[in-house]
Amino acid sequence: MSTPRPQQTEASAPAPAPADGPTHDNPGGLAPVPVRPAGFGDALRSEWTKIRSVRSTLWTLGVMLIVVVGIGLLTAWGLNDSAWVGMPLLAPGLFGIMLGQVCVLTLGVLVISSEYGTGMIRATFTACPRRSRVLTAKAVVFFLLSFVATAVACTVTALVNWWVLGDQKVPPFLRGEAAGRFEDSVKDGRLIATTGEWLGATVGPALYVALLGLLALAVGALLRHSAGAVTTMLGVVLMPLLLALFMQSASLKPVQEKLIEYSALNALASFYRIPMSDGSGNGWDMLGILAAVTAVVLGGAYALIAKRDV
Amino acid sequence: MIEAVGLTKRYGAKTAVHNLSFRVRPGIVTGFLGPNGSGKSTTMRMILGLDEPTHGHVTIGGLHFRQLANAPRQVGALLDAKAVHGGRSARNHLLCLAQLSGIPAGRVDEVLGVVGLQGVAGKRSKSFSLGMGQRLGIAAALLGDPQVLLFDEPVNGLDPEGILWVRNLMKQLAAEGRTVFVSSHLMSEMALTADHLIVIGRGQLLADMSVQEFIARNSASFARVRTPDGNDGEREKLTAALTAAGGEVHSEPDGAFRVTGLPLPRISDVAHAAQVRLWELSPHHASLEEAYMGMTQGAVDYRATTDPRAGLHVPHVTGEPPTAGRAATGLRPDAHRAGAQQPGQAHPPAAAGAPGPTARDHRDSEDEQR
């Protein structure tokens, strides 16, 4: 059972039993399998194989791309006739990613819950008893893949908006002192997108949605149930805004404002410079909050996955 | 070597495994027998560190599974043939497990060849039959060329050719010096495959002994006696004479007797003295299946509401064909090269449908052929 074992086995194994069948000779050791300890890189390779070899990845990310870019094209086309759209140049990209993020959440949950659902997790944890390594590899592979896919979708949408809507003349009442949030976005009387807006329409939402997907993965690891975890994540994303919608009484006003300000959808809207409440920043602060929440939930997932029976 | 000491697992109020201690040695096939729900799979999961025991511990080569250096290269396991992502192809399923264990990708196609799935390697495993799923699971267990192998119900869903193949595979792996631990709820299968038996019922150890010992201890012997058909006078005369001589006589549905308490020569003498001709006088052991059911019947969790033994017990005995020399046949664990086996050839059709005797007949016929 020590390290040089396979070679020994090859040498000392008795000759294969007299022909039982043509294909089933010498089952265990066809050729000596080189032994080396498995590391984190192996886990990453394994998770990459897993995520690329199931159709749910193709479906969720494919639908996300189609939804984000498709809605981006439709809004740009619809707004093309207006001389003045009334929002920052790249802001129409929000509508697509608001829907598209649901696909990324779903994939995040499925990456881990499908293993629990099928029982594959037992084979995985038998092959790698260090369960935290598996969870880390899953998180890294999923985060990078969903970030790249979302960033591509958002960037294409931003380019479409810039190309189609880029010749808007800013109305006189928004020039000079009255410009407010459009102040930096006006050049020679025309609407432009600042560097901050470009980042807020490409990398920003991509990071936010990928992180939200990572939170979904952590929730999936905690709940181990696809439908339960997806529902939870949809609740997390949608409920604050829905609750706020019905808090119309004056006494609930502060609660309503906080719910809106900290809702996930407002974070995305802030990236596109069309926040739903006045107190909102430009999205990056919300990204920090989401990162903290994800870290906490992921920490819980690490703690539970290490000791829970599978 | 797998060693369990005082292994106990409770799920809430239900005790799945209770104070289980056993050893699984290398070089032989150890059968792990028990009815459904007796705790076999729970024990397997505890061996693999997937479930944490409530009390006690189980080690592989002295270490807990999760402390083993390079565990997937030392231990391979098939837990559940259906525990694969159905959307993934067989090759990708094995590839991701191989990569996770640091095993070269080339090994995947090797083990696919070993289990005979190379033709469907690119197919999604959703479309696989249970038998193909078992082969895929066995391939996964063999990936790391491990010294310790665990198989949970590996023959479920396999066709006869597949069962034969698994049986030979287990023996061959054990012959290579590996530790092979196979669970089953079929005594007949284990009698053919295993050298050593660990029997549990309701999570508790019922037996831990070699197959020969299990048979010797658990199968009561009896004689089957048959008088000429259509001669009720002789029949009754013999019954009376045998009872008088101290034997216990039971009638069997086909008109023969089952006699216990008298050795065969004595029965012959009594019959001769009573001037009764015999058409049959044969020694029998109760089948292993019967012994196993006798042992576990108090420990069966799930059974049909009708009399559980009625359908199972009687046909085994009555259907057993008269094979002379059966009792004398030792069950040598190495005595069966299944390649030489011709199922259905050596025994009369009466045995068909009775798993216990059939299994033993294979063994007998092999011995006769040797």
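Remember, it's a predicted structure, so these values are computed and weren't measured experimentally.

A.B. asks: A description of unusual backbone geometry should follow, citing residues and the corresponding values.
C.D. replies: Apart from glycine, the bulk of residues carry a negative phi angle, and the bulk of peptide bonds sit in the trans form. Phi is positive for Arg224(A), which is not a glycine, with a value near 60°. Within the fold, Arg224(A) resides in the loop between helix H8 (203–223) and helix H9 (226–245). You will see that Asn19(B), though not glycine, has its phi angle at about 45°, which is positive. When you line up the elements, Asn19(B) lands in strand E2 (residues 14–24). Judged by relative accessible area, which is 48%, Asn19(B) ranks as partly exposed.

A.B. asks: So what about the UniProt feature "transmembrane region" (unreviewed entry) in chain A? Which residues, and what values?
C.D. replies: Residue and element names in this part refer to chain A. When the UniProt feature table is mapped onto this chain numbering, "transmembrane region" (unreviewed entry) sits at residues 58–77, 89–112, 140–164, 206–223, 230–250 and 286–305. Secondary structure content for residues 140–164 is 100% helix and 0% strand, and the end C-alpha separation is 36 Å. Structurally, residues 286–305 comprises 100% helix and 0% strand, and the distance from its first C-alpha atom to its last is 28 Å.

A.B. asks: Run through the confidence of the model for chain B, naming residues and quoting values.
C.D. replies: Residue and element names in this part refer to chain B. On average, chain B scores 81 in pLDDT, and the residues at 70 or more come to 79%. Here residues 308–370 is modelled with pLDDT under 50, and outside its nearest four sequence neighbours on either side it reaches 99 contacts, counting other chains as well. This prediction of the complex comes with two scores: 0.79 for pTM and 0.85 for ipTM.

A.B. asks: So what's going on with the packing of aromatic side chains? Which residues, and what values?
C.D. replies: All names here are of chain A. Applying the stated criterion across every chain yields a total of six aromatic pairs over all chains. Relative to Trp284, the ring of Phe271 lies with its centre 5.1 Å away and its plane at 90°, an arrangement referred to as edge-to-face. Taken as a pair, Phe271 in helix H11 (residues 264–271) and Trp284 in helix H12 (residues 284–307) lie far apart in primary sequence, 13 residues in all. Three or more aromatic residues link up through ring pairs in this structure, and these residues are Tyr208, Phe271 and Trp284.

A.B. asks: Quick one: what's the story with the sheet that holds strand E4 (residues 55–60) of chain B, residue by residue and with numbers?
C.D. replies: Residues and elements named next belong to chain B. Within the open sheet, the three strands sit side by side as E2-E1-E4. Their pairing is antiparallel. Bordering the open sheet on either side are E2 and E4, each of which pairs with just one other strand. Within the sheet, the average angular offset between the axes of one strand and its neighbour, ignoring direction, is 20°. Bridge count for strand E1 (residues 2–11) against E4 is five bridges, and the pairing is antiparallel. From the neighbouring strand, Ala4 faces E4, where its bridge partner is Val58. Contacting E1, E2 and E4, helix H1 (residues 40–47) crosses the sheet at an angle of about 120° to E1.

Parameters at a glance
Residues numbered from 1 in each chain as written. Chains lettered and ligands numbered in written order. Predicted model: local features only at pLDDT ≥ 70, side-chain atom pairs only at ≥ 80, totals over all residues. Heavy atoms only, no water. Helix = DSSP H or I, 4+ residues; strand = E, 2+ residues; numbered from the N terminus. Buried < 20%, exposed > 50% of the residue type's maximum accessible area, 1.4 Å probe, protein only. UniProt positions renumbered as here; feature names shortened; annotations may be inferred. pLDDT = per-residue confidence, 0-100. Contact = heavy atoms within 4.5 Å. Phe/Tyr/Trp six-rings, centres within 6.5 Å; stacked < 30°, edge-to-face > 60°. Pairing = 2+ DSSP bridges. Axes fitted to C-alpha atoms, helices over the stretch in contact; angles between N-to-C directions.

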